[in-house]
Amino acid sequence: EAAPKKEAKDKKEKGAEESKGESAPSPQDLEKMKKDKLKKVVKEGGKRGVEIEGAADMGGLQFFCTSVDTPEGDLELLLESMKAMNAKSDPTEEERKGGSGHIGKMIFS
């Protein structure tokens, strides 16, 4: 019989200790967390859009199924991720984002 890992147990205990010691975040903190999360979602969506565009250029696909992790099931954030995937890609930028607007997508979170 497999014993549970010590690391997982330690993390659970740390999480319990942290939640007891902190009060609810202030509205400013919530707003900052929301902006940071949106920024991560848009970045992940843009990168995924570039990947989809590259696959379509090689194989000529019309539809693509993909998953994104950062929205964590939030439909508003999933929509923002899709907008980032469909954004027009600027070839002069250092880091390409989006560019897969012409490809149908099924996105899971």
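Located above this text is the structure these notes cover.
Residues numbered from 1 in each chain as written. Predicted model: local features only at pLDDT ≥ 70, side-chain atom pairs only at ≥ 80, totals over all residues. Heavy atoms only, no water.

*Asks:* What should I look at first to understand the pattern of salt bridges in this one?
*Replies:* On inspection of all chains with the given rule, the structure shows six salt bridges. Measuring nitrogen to oxygen at the nearest pair gives 3.6 Å for the salt bridge that ties glutamate 44 to arginine 48. Placement of both glutamate 44 and arginine 48 in helix H2 (residues 27-59) is noted, with a separation of four residues, approximately one turn of the helix. Judged on exposure class, the residue glutamate 44 and its partner arginine 48 are both buried. With its nearest N and O atoms 3.9 Å apart, the salt bridge here joins glutamate 51 to arginine 48. Of this pair, glutamate 51 and arginine 48 both sit in helix H2, three residues apart, which is roughly one turn of the helix. The exposure class assigned to arginine 48 is buried, which follows from its relative accessible area of 19%. (Salt bridge = Lys/Arg side-chain N within 4 Å of Asp/Glu carboxyl O. Helix = DSSP H or I, 4+ residues; strand = E, 2+ residues; numbered from the N terminus. Buried < 20%, exposed > 50% of the residue type's maximum accessible area, 1.4 Å probe, protein only.)

*Asks:* Whenever I open this one, a positive patch on the surface confuses me. Can you help?
*Replies:* Taken together, the side chains of Lys39, Lys43, Lys47 and Lys97 present a region of like positive charge at the surface. Note on placement: lysine 39 falls in helix H2. Looking at lysine 39, the relative accessible area reads 66%, which means it is exposed. (Patch = residues over 30% accessible without salt bridge, like charges linked within 9 Å, V, L, I, M, F, W, Y side chains within 5 Å. Areas by Shrake-Rupley, 256 points an atom, 1.4 Å probe, with all protein chains shown as cover. Lys, Arg positive; Asp, Glu negative; His and termini not counted. Charge placed at Lys NZ, Arg CZ, Asp CG, Glu CD.)

So far we have only geometry, and geometry alone does not tell us how the molecule works.
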